[in-house]
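Analysis of the macromolecular model
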Amino acid sequence: MKSLLAKFALATAVIAAPMMSATVVHAEGERYVLVSHAPDSDSWWNTIKNGIALAGEQLGVEVEYRNPPTGDIADMARIIEQAAASSPNGIITTLADYDVLQGPITNAVDQGINVIIMNTGTPEQAREVGALMYVGQPEYDAGFAAGQRAADEGVTSFLCVNHAIQQPTVGERCRGYADGLGVDLGDSMMDSGTDPAEIKNKVLAYLSANPDTDGILTLGPVSADPTIAALEENGMAGDIHFGTFDLGAEIVEAIKDGTINWGIDQQPFLQAYLPVVVLANYDRYGVLPGNNINSGPGFVTADGLELVEEFAGEYR
């Protein structure tokens, strides 16, 4: 099937090549910069990097990925300022902390730079800073859907392992999960940090001190992978309900073996790829989607994992 599709795509490209060479319009030196809040250590963002790179290649534009090496939001604000000073055609950025980042983003818009907010923040915040649109997963809504699903599957008391406590929008996943369950968040959200050994030990300690916990929610591979290790160590793997946001190689394997019930895929590839497509077409032809784009949530279970497994950590 894949080879047939590939042959068809190649044939179509060959037939269309003369027409494309005559009709494709782009400005010389089109350049778009994506600024994220992610530290260098967070491998989940490799999919974002792949998404922006592929969009740049397909559209024939220059793309750059920039981030604060340690994930420091103040450092990210300076990177946005630097990106704006370089006069790109557009900036794609996360809005991990509205209070810190609204100034640099608004200034970029005031300079005439088109901005799209992706991944973190909200459509409302994107509008407030003057961005063209928001591309991402509504965090509270995704958490709420996860909580409703977990409630249907028997969860009554939970631990939410938050490895990004400094990013308020990420914590909305935990709050939505609690509301979806119909319980108070209370002390169920853990500030786990990002060190794998520390996360594992904190999860083990929490479960030991709270034996009635029957559900766990992690917010990405940074917290999910050490939590998997914790459950393997204390013998609870497969016996406690376990949902997670995002995908990665270890998460996919844990879904396959029954340690994780489901992953919530926000499709980070689309969060990077689509803004480049939107910005380039807006610059070239003045066309712009009328609405924000929700890239998730979508639940990934053991059924139909073939494509997810093949591209986990790369395009999924």
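Residues numbered from 1 in each chain as written. Predicted model: local features only at pLDDT ≥ 70, side-chain atom pairs only at ≥ 80, totals over all residues. Heavy atoms only, no water.

**Some thoughts on the state of the cysteines**
This structure, assessed with the given rule, holds one disulfide. Paired through a disulfide, Cys160 and Cys174 show a sulfur-sulfur distance of 2.0 Å. Disulfide Cys160 to Cys174: torsion about the S-S bond roughly -60°, handedness left-handed. Of this pair, Cys160 sits in strand S6 (residues 158–162) while Cys174 sits in helix H7 (residues 168–181), placing them 14 residues apart in sequence. (Disulfide = S-S within 2.5 Å. Helix = DSSP H or I, 4+ residues; strand = E, 2+ residues; numbered from the N terminus.)

**Some words on the nonpolar core**
One broad rule of soluble globular proteins: the nonpolar side chains tend to lie buried together. By size, the foremost hydrophobic cluster in this structure holds 26 residues, and its most contacted members are Val161, Val203, Leu207, Ile216 and Ile260. Of all the elements in the fold, those that place two or more residues in this core are S6, helix H8 (196–209), helix H9 (221–234) and helix H10 (249–257). Once residues lying within four places of it in the same chain are set aside, the contact partners of Leu207 are Thr213, Ile216, Leu231, Asn234, Met236 and Ile240. Counting 23 residues, the second-largest nonpolar core is a separate cluster that includes Val35, Ile79, Ile91 and Ile113. (Core = buried A, V, L, I, M, F, W, Y, C linked by side-chain atoms within 4.5 Å. Buried < 20%, exposed > 50% of the residue type's maximum accessible area, 1.4 Å probe, protein only. Contact = heavy atoms within 4.5 Å.)

**Things to note about the confidence of the model for the protein**
With 91% of its residues at a pLDDT of 70 or more, the protein shows a mean pLDDT of 90. Of the regions scoring below 50 in pLDDT, residues 1–25 engages in four contacts with residues more than four places distant in sequence or in other chains. (pLDDT = per-residue confidence, 0-100.)

**As for the sheet that holds strand S3 (residues 90–93)**
One open sheet holds the six strands; their spatial order is S2-S1-S3-S4-S5-S11, and the pairing between them is parallel. Each edge of the open sheet is held by one strand with a lone partner, namely strand S2 (62–66) and strand S11 (293–294). In the sheet, S3 pairs with strand S4 (residues 114–118) via four bridges, with the strands oriented parallel. In the sheet register, Ile91 faces S4, and the bridge partner there is Val115. Lying on the sheet, helix H2 (residues 46–59) is in contact with strand S1 (31–35), S2 and S4; it crosses S2 at an angle near 165°. Along the sheet, helix H11 (residues 268–285) contacts S1, S2, S3, S4, strand S5 (133–136) and S11; its crossing angle with S4, the most-contacted strand, is approximately 160°. (Pairing = 2+ DSSP bridges. Axes fitted to C-alpha atoms, helices over the stretch in contact; angles between N-to-C directions.)

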